[in-house]
Amino acid sequence: APNHNETLSIAKNIDKEYTVAGYSYTGGGRSVSRVEISTDGGVHWELADIERKEQPNDYGMYWCWIWWQFNLKVADLVGCKEIWCRAW
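Below is a summary of the structure that appears in this document. (Residues numbered from 1 in each chain as written. Predicted model: local features only at pLDDT ≥ 70, side-chain atom pairs only at ≥ 80, totals over all residues. Heavy atoms only, no water.)

**So, the overall build of the chain**
What counts, and what does not: Numbering of helices and strands starts at the N terminus; helices are DSSP runs of H or I of at least 4 residues and strands are runs of E of at least 2. Radius of gyration here uses only the C-alpha atoms, and the compact-globule reference equals 2.2 Å multiplied by the residue count raised to the power 0.38. A 1.4 Å probe rolled over the protein chains alone gives each residue an accessible area, and that area as a share of the maximum for its type sets the label: buried under 20%, exposed over 50%, partly exposed in between.
Scanning the chain for helices and strands turns up one helix and six strands. Its helices and strands taken in sequence order, the chain reads α-β-β-β-β-β-β from the N to the C terminus. Here the C-alpha radius of gyration of the chain, 15 Å, is well above what a compact globule of 88 residues would show, namely 12 Å. With the C-alpha coordinates aligned to their principal axes, the bounding extent of the chain is approximately 50 × 25 × 20 Å. Counting only residues that meet the buried cut, the chain has 25% of its 88 residues in that class.

**A closer look at the sheet that holds strand 2 (residues 35–38)**
Counted only if it meets this: In this description, strands pair whenever DSSP reports at least two bridges between them.
The strand order across the open sheet built from three strands is 3-2-6, with neighbouring strands paired in antiparallel fashion. Every other strand in the sheet has two partners, leaving strand 3 (46–47) and strand 6 (84–87) as the edge strands with one partner each. Here strand 2 pairs with strand 3 via two bridges, running antiparallel. Paired with Ile 37 across the bridge in strand 3 is Glu 46.

**Some words on the sheet that holds strand 1 (residues 17–24)**
In a beta sheet, neighbouring strands are held together by backbone hydrogen bonds and run either parallel or antiparallel to one another. Keep this limit in mind: Throughout, an axis means a line fitted to C-alpha atoms (over the contacting stretch in the case of helices), and angles, computed between N-to-C directions, take values from 0 to 180 degrees.
An order of 1-5-4 is seen for the three strands of this open sheet, with the pairing classed as antiparallel. Both edges of this open sheet fall to strand 1 and strand 4 (49–51), since each of them pairs with a single strand only. Ignoring which end each strand starts from, the neighbouring axes of this sheet average 25° apart. Note: strand 1 against strand 5 (residues 66–73), eight bridges, orientation antiparallel. Across the sheet, Tyr 23 pairs through a bridge with Trp 67, a residue of strand 5.

And the structure:
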C-alpha cells in the first residue's frame, strides 16, 4: 500500500486515516528493530507497527523481510511531496 497509480482525494478524506505499508530488511542476519515514516522530508518521524513472524535461527540471525504498516492521518498529506520510510 499504496497500490500502483492509486489516488486519494485529500479533501474528501481529510478527517480519515490511510494505511501505508511495506516490507523492510536489514541484511547481514540482523533483525529489523524499527521502521519510521516521515511526510515532511525527514524533519519528524513516526514509528510504524512491525509484524514479526520470523524467529532467529540457531545462531541468532534473522534472514526474512518483515511487514510494517502505519496509519497516516490524511491531513498530514497536505503539502506532502513524498512519504519517506526508514528501517533499521
